[in-house]
Structure formats: structure tokens, C-alpha cells
Amino acid sequence: MTKINSLLGKLFMLCLALTLSLTMVGCGQNQAGIDKLKSKLTASTTIEDDETPTAVLYFTKGVYANYAAELENPEKTYFYVFHGDGTGSIEDGEVGTATYFEYQVGYNSVTFTIGTDEPIEEEFKVTSSEDGKVIGSFDDGIELVFEHLNDVDVDTFNAVNYVHAARGEDFTYTDANGWQVRYNPEFIQVNQGGPVTTFVYTGECAGTNMITVTYTVDNNGEGAIKAIGEGWGDKTTYTESIFPGTEDVKGYWAVCASEEGDSGLYMTAIARDYMDGALVFEFTEHHSGDEMIDIAVSDYLAAIIDSLEFLN
């Protein structure tokens, strides 16, 4: 209201000045001087453009599935992950790739700077935004949808596992030390901390059943197996063979089997030389004596080691 009153006041002063100028012309006032006065008064009434459209925050912190608007039942395998601080990543759930980006919001547009070495700038022009969906297109004109996923945590989101879960497939665990395995999330819980990762069986069983994976620089593969086997005692047996997930890398085995009348504890460890040390997989199983239960445990744990891949 204050701005409107101020504007009306300025317009009133302009009209008054013009009236006075006409009177002055009648008295012989120079017309050039009047025009100069009119110009000065008109400039003083210019409105500050406080109504200029402001940037719209189309994307909040979260994960958005990205797909073509023309698809009726899109398979959500491609994602934009917004960290909420002007950065994010584009993640492909099919192949497991991720590309860093930065973004800036404008009026009806979002500008993405994609990549780090040779970044590419692309502007996404927004045509609508409602019900958790942002619709628009990049320069190629293809209409796209960014759909916000309400059931995911941006800080723990894994594009590959999201796609696998939708298809009822096993999850993938990728370790920072360059190896990965697949596991069934319905029966296996993954715990990761530093150089140690555990895969714990959560189905029906007689006791603890798990795989403990450790990367150590304190020993090589053979030395790590010897140290583990010695801790198990004289019942431990040792063998050598090709390490799982490789074609020609030597692996070292240690086995300590359960005996009749004991707790059913069955332990196996395999190791290989890896980087500056050793990579060790230790199996801890408790056999219940119920063949159906014990086979299920062994199958789920064996499936993990059978899926082992090295990424380097």
C-alpha cells in the first residue's frame, strides 16, 4: 500500500508540473525547458520491478526417476539424485554408472552442469510441476518426466538395487576395495565397517551363519589363511585352488569341519593376495541336523561367493 501511495503521489506531482508548464508556456516560458522538466519528473516515477519472476525450487533433496513422458508404464531405471546443496548425480540402475552434476534453478528452467573433466551445460525447460512430477524438456525437445520417489532415502539410495528390488532380483554389494557380490536381501543382511564387511543369514537356522570379508595389509593370502587355521586348532585342513571370481589367481583354503556331537559349527576361510595385502572370506555356519534348513543356509551363502567379481 505504501508503494501505491508513493506512486500516486508521484503521478499527482507530474500532472501538477504539466499544468504549471502549460501556464508557463502561456507566459512565454521556453518550451525546451518545459520538456526537460517533464523528462525529469517522468523518470522519477519509474516503478522498481519487484514483480520480476523469481527462481522456482522445482527439485528438493531427494531421488527422481527420469523417463519419457510418452511412456504409459515406464520402467524406472534412470535417476537424478539431488543432494539439496546444488549438487547431485545421474545414476543408471541398469549398468551402475553415476555422473556428478551441479544445478541452478531459474524461472521455468533448471540449468545442469554435468560432468567434472569436460562439463556439459544443459537447460531443462519446465512446462509443469505438480503431484511430485516435474515435466519439461532439454534442447532436443523430448518431453521428460522427473518423478519424485517418496520411498527412498537420498543418502543411502542405490540405483542398481532399486531396480533389482522392483524386479524381485538379488541386490549387489560393491566394495570400495574393488570387488562386488550379489545377495538376496530377503535372507541376507549386509553390514559394512571399514575393512570388514559381513553378510549375515537372517532365515531359520541353528545359530550364527555368516560370511565375514576382510581386507588386510598385515599378511598375504597364504599367511592370512595359516593364521586363521592355527587359531581353529589341529582339525584344520589346508588346500589350494583358483580363487572364486578369477581365472588364474591362486587361492588358499582352510576348513574346520564339525564333528558328531558338537555344536555343529563348520568354518571355512579362503584368501588370496590382493593389492598390498590379502582379501579373506570367512564362512561361519552352524548345522542344525535338519537337512532342509542346512541346505538353505549353505545355498544362500554359496550364492554370494559364486557371484564374486573383481572390478579392476
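Procedures and definitions
Residues numbered from 1 in each chain as written. Predicted model: local features only at pLDDT ≥ 70, side-chain atom pairs only at ≥ 80, totals over all residues. Heavy atoms only, no water. Pairing = 2+ DSSP bridges. Helix = DSSP H or I, 4+ residues; strand = E, 2+ residues; numbered from the N terminus. Axes fitted to C-alpha atoms, helices over the stretch in contact; angles between N-to-C directions. Contact = heavy atoms within 4.5 Å. Phe/Tyr/Trp six-rings, centres within 6.5 Å; stacked < 30°, edge-to-face > 60°. Lys NZ or Arg CZ within 6 Å of the ring centre and 35° of its normal. Buried < 20%, exposed > 50% of the residue type's maximum accessible area, 1.4 Å probe, protein only. Core = buried A, V, L, I, M, F, W, Y, C linked by side-chain atoms within 4.5 Å. Expected span 1.5 Å × (residues − 1). Salt bridge = Lys/Arg side-chain N within 4 Å of Asp/Glu carboxyl O.

Engineer: Quick rundown of the sheet that holds strand S15 (residues 250-256)? Include the residues and the values.
Structural biologist: If you trace the 7 strands from one edge of the open sheet to the other, you get S11-S12-S13-S17-S16-S15-S14, paired in antiparallel fashion. The two strands at the open ends of the sheet, each matched to only one other strand, are strand S11 (188-193) and strand S14 (237-242). Strand after strand, the sheet turns through a mean of 15 degrees between neighbouring axes, direction not considered. Bridging between S15 and strand S16 (residues 265-274) involves 5 bridges; their strand directions are antiparallel. Of the residues in S16, the one forming a bridge with Val255 is Thr268. Its contacts with the sheet place helix H5 (residues 291-306) against S11, strand S12 (196-201), strand S13 (210-216), S16 and strand S17 (277-286), and it is angled at close to 165 degrees to S17.

Engineer: How would you explain the packing of aromatic side chains if you had to name every residue and give the values?
Structural biologist: Under the definition given, this model contains 35 aromatic pairs. Ring pairing ties together the aromatic residues Phe59, Tyr64, Tyr78, Tyr80, Phe82, Phe101, Tyr103, Phe112, Phe124, Phe138 and Phe146, which thus form one cluster. Sitting above the plane of the Phe243 ring, Arg272 keeps its charged end 6.0 Å from the centroid. Between Arg272 and the ring centre of Phe310, over which it is positioned, the NZ or CZ distance is 4.6 Å.

Engineer: Please set out the pairing of S17 residue by residue, giving values where relevant.
Structural biologist: The buried fraction of S17 amounts to 8 of the 10 residues, a majority that puts the element mostly inside the structure. Direction of pairing for S13 relative to S17: antiparallel, over a ladder of 7 bridges. What sits directly across from Met210, in S17, is Thr284. Note that S16 and S17 share 10 bridges and pair antiparallel. Paired with Ile270 across the strands is Phe281, a residue of S17.

Engineer: Which residues make up the nonpolar core, and what values do they have?
Structural biologist: Formed by 24 residues in total, the largest nonpolar core has its most connected members in Trp179, Phe199, Ile211, Leu279, Phe281 and Leu308. The element that contributes the greatest number of residues to this core is H5, accounting for 4 residues. Among all residues touching Trp179, those that are not within four sequence positions of it are Tyr173, Thr174, Phe199, Val213, Tyr274, Leu279, Phe281, Leu308, Glu309, Phe310 and Leu311. If you look at the next biggest cluster of nonpolar residues, it comprises 17 residues, including Tyr80, Phe112, Ile114 and Val134.

Engineer: Talk me through helix H4 (residues 221-232); I want residue IDs and the actual numbers.
Structural biologist: Spanning 12 residues, H4 covers 17 Å between terminal C-alpha atoms, matching the ideal 16 Å at 1.5 Å per step. Turning to H4, its buried residues are Gly221, Gly223, Ala224, Ile225, Ile228, Gly229 and Trp232. Of the residues trailing H4, Gly233 is marked for its positive phi of about 110 degrees.

Engineer: Explain the side chain of Ser109 residue by residue, including any values.
Structural biologist: Mapping Ser109 onto the fold places it in strand S5 (residues 109-114). Not counting residues up to four positions away in its chain, the partners in contact with Ser109 are Tyr58, Gln104, Glu123, Phe124, Lys125 and Val126.

Engineer: Could you give me a rundown of the sheet that holds strand S10 (residues 179-183), with the residues and numbers involved?
Structural biologist: In a beta sheet, neighbouring strands pair by backbone hydrogen bonds and run either parallel or antiparallel. Strand order in the open sheet formed by 3 strands is S9-S10-S18, and the pairing between neighbours is antiparallel. Two strands close off the open sheet at either side, each with one partner strand: strand S9 (171-174) and strand S18 (309-310). Relative to S10, S9 is paired through 4 bridges, and the arrangement is antiparallel. In the sheet register, Phe171 faces S10, and the bridge partner there is Tyr183. Helix H3 (residues 159-167) rests against S9 and S10 of the sheet, and its axis sits at about 165 degrees to S9.

Engineer: Summarise the environment of Gln189; cite the residues concerned and give the values.
Structural biologist: Locating Gln189 in the fold gives a position in strand S11. When the C-alpha positions of Gln189 and Tyr201 are compared, they lie 6.6 Å apart, and in sequence the two are 12 residues distant. Once you skip the residues sitting within four places of it in the chain, Gln189 turns out to touch Thr198, Phe199, Val200 and Thr202.

Engineer: Residue-level account of the environment of Val154, with values.
Structural biologist: With respect to the helices, strands and loops of the structure, Val154 is situated in the loop between strand S8 (143-148) and H3. The class of Val154 is buried, set by a relative accessible area of 14%. When the C-alpha positions of Val154 and Tyr64 are compared, they lie 9.7 Å apart, and in sequence the two are 90 residues distant. Residues in contact with Val154, not counting those within four places in the same chain, are Lys61, Gly62, Val63, Val81, Phe82 and His83.

Engineer: Give a description of the pattern of salt bridges that names residues and reports values.
Structural biologist: Applying the stated criterion across every chain, the model contains 5 salt bridges. In this structure, Glu147 engages Lys76 in a salt bridge whose closest nitrogen and oxygen atoms are separated by 3.1 Å. A residue pair is termed long-range when its members are at least 10 positions apart, and Glu147 in strand S8 and Lys76 in the loop between strand S1 (62-68) and strand S2 (78-82) qualify at 71 residues. Close ionic contact of Glu94 with Arg167 constitutes a salt bridge, the shortest N to O distance being 2.5 Å. Here Glu94 is found in the loop between strand S3 (87-92) and strand S4 (98-106), whereas its partner Arg167 is found in helix H3, with 73 residues between them in sequence. On the basis of relative accessibility, which here comes to 34%, the residue Arg167 falls in the partly exposed class. Here the residues in one salt-bridge network are Glu75, Glu94 and Arg167, joined through shared partners.

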